[in-house]
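# Secondary and tertiary structure notes
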Amino acid sequence: MTGAGRLSTAARAIVAGDRRALARAITAIENGDSAAEPVLRSLYPRTRGIPVVGFTGPLGVGKSSLINALVGLLRDRGRTVGIVAVDPSSPFSGGSVLGDRIRLDRPADDTGIYFRSMASRGAAGGVAAATLEIARLLDAAGFDFVLVETVGSGQVDVAIREIASTSIVVLVPHLGDEVQTLKAGMFEIADVFCVNKSDLPGADLARKDLADLVSLGRAEGRWAPAIVLTSTVEPMGIDGLWRAVEAHEKFLDDSGERRAGERRRLANEIVGLVRDRVGRDLTARLEADPKLRSLLDRVVARSLDPRAAAEQLLIRGRRAR
Ligand SMILES: Nc1nc2c(ncn2[C@@H]2O[C@H](COP(=O)(O)OP(=O)(O)OP(=O)(O)O)[C@@H](O)[C@H]2O)c(=O)[nH]1
Ligand SMILES: [Mg+2]
């Protein structure tokens with residue numbers, strides 16, 4: 001039976017479109033609050049694996065402006081969108097500043113949109129894990145797409161691969177040296193290169209440079225990153241950007257990559273959850289459990305090295321099972 005009977009009250013409310021219940025569950029995830037667990041568990045079978053589109057790239061290139069433009073396009077087509085803006089760089093500021101900078105030019109009462117900026121503090125397993133879980137809630141809540149904005153201190157955020165089905169690396173004309181430093185990482189990440197601010201000079205040159213780089217990495221049967229020129233001020237190229245996303249999503253289905261990618265991401269997620277849990281338990285026990293404390297004492301006293309201590313812990317763990 002997959003009926004609503006097995007859902008908790010909170011989970012049922014989320015499925016029914018209750019935005020306050022959704023907001024409460026997201027806050028729980030954000031704070032590493034265990035109240036999120038039963039909700040996530042009971043909703044998991046209801047998730048469909050909707051497209052999650054990630055936007056990453058250097059500061060100020062127009063990620064938020066592009067998201068705003070795409071939300072407009074999708075809403076005009078009657079599609080619903082959840083948006084998550086992640087600010088992994090503010091563990092000390094105590095709040096998400098970045099996300100607040102997305103201004104959505106939509107009516108405040110548009111229930112086809114749910115926007116949330118996420119502070120990264122407290123989330124168990126890190127920002128990527130929390131974002132993944134939030135995207136899943138939005139999936140269960142019935143949204144058609146999730147758009148995620150991340151930035152990692154001016155770098156392309158590698159973790160986006162663990163979250164997004166399609167990753168867009170946003171650049172601007174005349175990135176110059178920045179393209180060189182980003183190059184290595186961004187080619188592993190980008191399904192789509194978006195040269196935004198193409199109202200400024202140099203966009204065609206940037207497209208050509210990227211096309212040269214893309215052709216170097218081209219391989220039979222693999223997705224070759226699309227290159228799209230956009231401007232959010234003109235505006236220009238926004239529909240082309242979404243077409244590139246759709247083309248990549250179609251490739252994922254046709255090639256079997258969606259399945260393979262999901263399997264890889266879920267394996268990583270499970271391993272990450274186990275690692276976190278085991279790590280936390282062990283950290284606590286190393287001081288609290290007398291046997292383990294004496295093991296640590298020996299390492300501190302140089303009579304045992306850290307690797308040998310780890311080996312002993314693993315052997316002990318195996319015996320306990
Ligand atoms: N000329 C031009 N300016 C743009 C364009 N898109 C965005 N901008 C401007 O660029 C600035 C940064 O835009 P955002 O959308 O906040 O960029 P972002 O990448 O989200 O910025 P962070 O989240 O701070 O990294 C704003 O002043 C925008 O008005 C564009 O297509 N052309
Ligand atoms: Mg932004």
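On a predicted model such as this, the values are computed, not experimentally measured, just so you know.

How each quantity is defined
- Residues numbered from 1 in each chain as written.
- Chains lettered and ligands numbered in written order.
- Predicted model: local features only at pLDDT ≥ 70, side-chain atom pairs only at ≥ 80, totals over all residues.
- Helix = DSSP H or I, 4+ residues; strand = E, 2+ residues; numbered from the N terminus.
- Buried ≥ 20, exposed ≤ 12 C-beta atoms within 10 Å, placed from the backbone.
- Contact = placed C-beta atoms within 7 Å.
- Core = buried A, V, L, I, M, F, W, Y, C linked by C-beta atoms within 7 Å.
- Expected span 1.5 Å × (residues − 1).
- Near = placed C-beta within 6 Å.
- Nonpolar A, V, L, I, M, F, W, Y, C, P; charged D, E, K, R; others polar.
- Axes fitted to C-alpha atoms, helices over the stretch in contact; angles between N-to-C directions.
- Parallel < 35°, antiparallel > 145°, perpendicular 65-115°, else oblique.
- Pairing = 2+ DSSP bridges.
- Arc of directions from axis to C-beta.
- Right-handed = clockwise from strand over helix to strand, strands pointing away.
- pLDDT = per-residue confidence, 0-100.

## Brief notes about the overall build of the chain
Each helix and strand in the chain was counted, giving 11 helices and 7 strands. The buried share among the 321 residues of the chain stands at 36%. Considering only intrachain contacts with a sequence separation of at least 6, the fraction spanning at least 24 residues in the chain is 72%.

## What to know about unusual backbone geometry
The omega torsion across Glu 234 and Pro 235 is -15°, close enough to zero to call that bond cis. Positioned with a positive phi, Lys 197 is a non-glycine residue whose angle comes to about 60°. Here Lys 197 lies in the loop between strand 6 (192–195) and helix 7 (203–216). Judged by local crowding, Lys 197 falls into the buried class, with 23 C-beta atoms found within 10 Å. Non-glycine residue Arg 302 carries a positive phi angle of around 70°.

## What about the nonpolar core?
Core analysis: the biggest nonpolar cluster contains 73 residues, and Ile 14, Ala 25, Leu 137, Val 146, Leu 147 and Val 148 have the highest contact counts within it. No other element matches the 10 residues that helix 5 (residues 126–140) contributes to this core.

## As for helix 4 (residues 63–76)
Helix length check: helix 4 (14 residues) gives 20 Å between terminal C-alpha atoms against 20 Å at 1.5 Å per residue, within 8%. Looking only at helix 4, the buried set comprises Lys 63, Ser 64, Ser 65, Leu 66, Ile 67, Ala 69, Leu 70 and Val 71. In the stretch just after helix 4, Gly 78 is the one whose phi turns positive, near 80°.

## Re the site of ligand 1
Ligand 1 sits among 17 residues. The nearest are Gly 62, Lys 63, Ser 64, Ser 65 and Lys 197. Residues of the shell around ligand 1, tallied by class, amount to 6 nonpolar, 7 polar and 4 charged.

## As for the packing of helix 4 against helix 8 (residues 238–255)
Helix-helix packing is characterised by the crossing angle of the two axes and by the distance between the axes. It is the contact of helix 4 with helix 8, at a shortest axis distance of 10 Å, that shows an interaxial angle of 80°. Comparing their axes, helix 8 and helix 4 come out roughly perpendicular. Counted together, Leu 66, Ala 69, Leu 70 and Leu 73 of helix 4 and Ile 238, Asp 239, Leu 241 and Trp 242 of helix 8 form the full contact between these two elements. Its residues placed into classes, the contact of helix 4 with helix 8 shows 7 nonpolar, no polar and 1 charged.

## So, the pairing of strand 5 (residues 166–171)
Counting buried residues in strand 5 gives 6 out of 6 residues, a clear majority hidden from the surface. With burial as the criterion, each face of strand 5 is covered, one bearing Thr 166, Ile 168 and Val 170 and the other bearing Ser 167, Val 169 and Leu 171. In this structure, strand 1 (residues 52–56) lies alongside strand 5, joined through 4 bridges in parallel fashion. Looking across to strand 5, one finds that Val 53 is bridged to Thr 166. With 4 bridges connecting them, strand 5 and strand 6 associate as parallel partners. Across the sheet, the residue bridging to Leu 171 is Val 195, located in strand 6.

## Overview of helix 3 (residues 36–43)
Within the sequence span of helix 3, burial applies to Ala 36, Val 39 and Leu 43. Seen along its axis, helix 3 keeps its buried residues to an arc of 70°; they face one direction. In helix 3, those exposed residues whose orientation departs by more than 90 degrees from the buried face are Glu 37 and Arg 41. Contacts from the buried residues of helix 3 go to helix 1 (9–15), helix 2 (19–30) and helix 5.

## Regarding the pairing of strand 7 (residues 226–229)
Because side chains alternate across strand 7, one face comprises the buried residues Ala 226 and Val 228, and the other comprises Ile 227 and Leu 229, equally buried. Sheet topology note: the strand 6/strand 7 ladder contains 4 bridges and is parallel. Along strand 7, the bridge assignment pairs Phe 193 with Ile 227. Remark: the strand 6/helix 7/strand 7 crossover connection has right-handed handedness.

## A few points about the environment of Ile 227
Among the secondary structure elements, Ile 227 is positioned in strand 7. Judged by local crowding, Ile 227 falls into the buried class, with 20 C-beta atoms found within 10 Å. Separated by 17 residues in sequence, Ile 227 and Leu 210 have C-alpha atoms that sit 7.5 Å apart.

## Quick look at the confidence of the model for the chain
The share of residues in the chain with pLDDT of 70 or more is 86%, and the mean pLDDT across the chain is 86. Per-element averaging of pLDDT across the chain places helix 6 (residues 177–189) at the bottom with 67 and helix 8 at the top with 98. In the model, residues 90–99 has pLDDT below 50 throughout and makes 22 contacts with residues more than four positions away in sequence or in other chains.

## Considering the environment of Leu 273
On the secondary structure map, Leu 273 appears in helix 9 (residues 257–288). Under the C-beta neighbour-count criterion, Leu 273 is labelled partly exposed, with 13 such atoms within 10 Å. Along the chain, Leu 273 and Ala 129 lie 144 residues apart, while their C-alpha atoms are 8.8 Å from each other.

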